[in-house]
Amino acid sequence: MQHNAILAFFDWETKAYEEIPVSEQVEVLSLNGDIALDEYGRPKLHLHTVLGRRDGSTIGGHLMGGHVRPTLEVMITETPAFLRRVHDPHSGLALIRLDESVV
């Protein structure tokens, strides 16, 4: 079955993302996050979304992937410092650090 979106929930106990497949047509009600540089200096997206269903209910989580049609409007705001993701051994996640030396 093809999914229109894949969301995910981070489980603190297992330190893993649990996928939430969305197989129906939905509307993007909210999309926010950041574009940070990974440990190799490459841009990496980290996005959270709330999707609206036909009946008015919602579903949300980390956006892992999705298909857009016909359009998705996105506004990006630049920060005064570069955002870098640095691996945190306690959480198992790559957490944001401001890197003002790059500016």
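Remember, it's a predicted structure, so these values are computed and weren't measured experimentally.

Focus: unusual backbone geometry
Across the junction of Arg 69 and Pro 70, the peptide omega takes the value 5 degrees, indicating a cis bond. Relative to the helices and strands, Pro 70 is located in the loop between strand S5 (58-66) and strand S6 (82-87).

As for the packing of aromatic side chains
Inspection of the entire model under this criterion finds two aromatic pairs. Arranged with centres 5.1 Å apart and planes meeting at 65 degrees, the rings of Phe 10 and Tyr 17 form a pair that is edge-to-face. The buried category is assigned to Phe 10, whose relative accessible area is 15%. Accessibility expressed as a relative area gives 33% for Tyr 17, which makes it partly exposed.

Reading guide: rules and limits
- Each chain has its residues counted from 1, following the order in which its sequence is written.
- This being a predicted model, a pLDDT of at least 70 is required before a residue's local features are given, and a value of 80 or more before pairs of side-chain atoms are given or counted; all residues contribute to the totals for chains, interfaces and linings.
- Each side-chain value is derived from all of the structure's non-hydrogen atoms; neither hydrogens nor water enter the calculation.
- Helix numbers and strand numbers start at the N terminus; a helix is a DSSP run of H or I with at least 4 residues, a strand a run of E with at least 2.
- Any pair of Phe, Tyr and Trp rings, taking the six-membered ring for Trp, is counted once the centres come within 6.5 Å. Such a pair is stacked with planes under 30 degrees apart, edge-to-face with planes over 60 apart, and tilted for the rest.
- Three exposure classes are used, based on accessible area relative to the maximum for each residue type with a 1.4 Å probe and protein chains only: buried under 20%, partly exposed in between, and exposed over 50%.

Coordinates in, geometry out; function isn't part of it.
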